Amino acid sequence: IVVADSRAPRDGKFLEKIGTYNPLLEKENTNRVVLNQERVKYWLSVGATPSDRVEKFLSQMGLTADQRAN
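Residues numbered from 1 in each chain as written. Predicted model: local features only at pLDDT ≥ 70, side-chain atom pairs only at ≥ 80, totals over all residues. Heavy atoms only, no water.

Q: I'm lost on the side chain of R32 in this one. Help?
A: Take R32: it is sitting in the loop between β3 (19-21) and β4 (33-35). The charged side chain of R32 is buried without a salt bridge, its nearest counter-charge being E28 at 7.8 Å. A polar contact is formed between the side chain of R32 and the side chain of Y21, at a distance of 3.4 Å. A distance of 3.3 Å separates a polar atom in the side chain of R32 from the backbone oxygen of P23. Apart from residues lying up to four places away in sequence, R32 is in contact with T20, Y21, N22, P23, L25, E26 and K27. (Helix = DSSP H or I, 4+ residues; strand = E, 2+ residues; numbered from the N terminus. Buried < 20%, exposed > 50% of the residue type's maximum accessible area, 1.4 Å probe, protein only. Lys, Arg positive; Asp, Glu negative; His and termini not counted. Salt bridge = Lys/Arg side-chain N within 4 Å of Asp/Glu carboxyl O. Polar contact = N/O pair within 3.5 Å; in protein donor to acceptor, adjacent residues only side chain to side chain. Contact = heavy atoms within 4.5 Å.)

Below, the structure is given as structure tokens:
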């Protein structure tokens, strides 16, 4: 899971790696989605917009739109 400039190509250069996602692991496995929550909060605070899939992960981790504003 990376932070990328929206103007960059899809598989192009990214700004920062903030986590990992392994869809082969079972949903209950804590290593399926690993995010650096502090960096996620930082990037959201400066205006980053998560993709639909990452938005779902953030929601499951309790990082809702209301909490991002803090």
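Q: Looking at this structure, how should I read the layout of surface pockets?
A: The probe, sized like a water molecule, is rolled over the atoms to show the empty space still left. Put simply, the largest pocket is a space of about 410 Å³. What lines the largest pocket is a set of 18 residues, and nearest its centre among them are V2, T49, P50, S51 and V54. Within the residue set of the lining of the largest pocket, elements represented by two or more residues are β1 (2-3), α1 (37-45) and α2 (52-60). In terms of residue count, the dominant contributor to the lining of the largest pocket is α2 (4 residues). A volume near 280 Å³ is recorded for the second largest pocket. If you go around the second largest pocket, the residues you meet are K27, E28, N29, T30, R32, V33, R53, K56, F57, Q60 and M61. Per-element accounting of the lining of the second largest pocket gives the leading share, 4 residues, to α2. Grouping the amino acids of the lining of the second largest pocket by side-chain chemistry returns 3 nonpolar, 3 polar and 5 charged. (1 Å grid on protein atoms, 1.4 Å probe; cavity = no way out; pocket = protein on both sides within 12 Å on 5 of 7 lines; lining within 4 Å. Points joined across faces, edges and corners; volume = space filled by probe spheres on them. Nonpolar A, V, L, I, M, F, W, Y, C, P; charged D, E, K, R; others polar.)

Q: Help me understand α2 in this model?
A: Think of an α-helix as turning once every 3.6 residues; residues three or four places apart then point the same way. Three or more residues of α2 are buried, namely V54, F57 and L58. The arc that holds the buried residues of α2, viewed along the axis, is 100°, so those residues lie on one side. Facing away from the buried side of α2 by more than 90 degrees, the exposed set consists of D52 and Q60. In the stretch just after α2, G62 is the one whose phi turns positive, near 85°. (Arc of directions from axis to C-beta.)

Q: Just to check I follow, could you spell out the packing of aromatic side chains for this structure?
A: The geometry of an aromatic ring pair is captured by two quantities: the separation of the ring centres and the angle between the planes. The tally for this structure, following the rule as stated, stands at 2 aromatic pairs. Here the aromatic rings of Y21 and F57 are separated by 4.8 Å at their centres, their planes lie at 45°, and the arrangement is tilted. With Y21 in strand β3 and F57 in helix α2, this residue pair connects regions lying 36 residues apart in the sequence. Residue classification places Y21 among the partly exposed positions, given a relative accessible area of 29%. When its relative accessible area of 6% is taken as the criterion, F57 is described as buried. Ring geometry for Y42 against W43: centres 5.2 Å apart, planes inclined by 70°, an arrangement best described as edge-to-face. (Phe/Tyr/Trp six-rings, centres within 6.5 Å; stacked < 30°, edge-to-face > 60°.)

These figures come from the coordinates and say nothing about function on their own.
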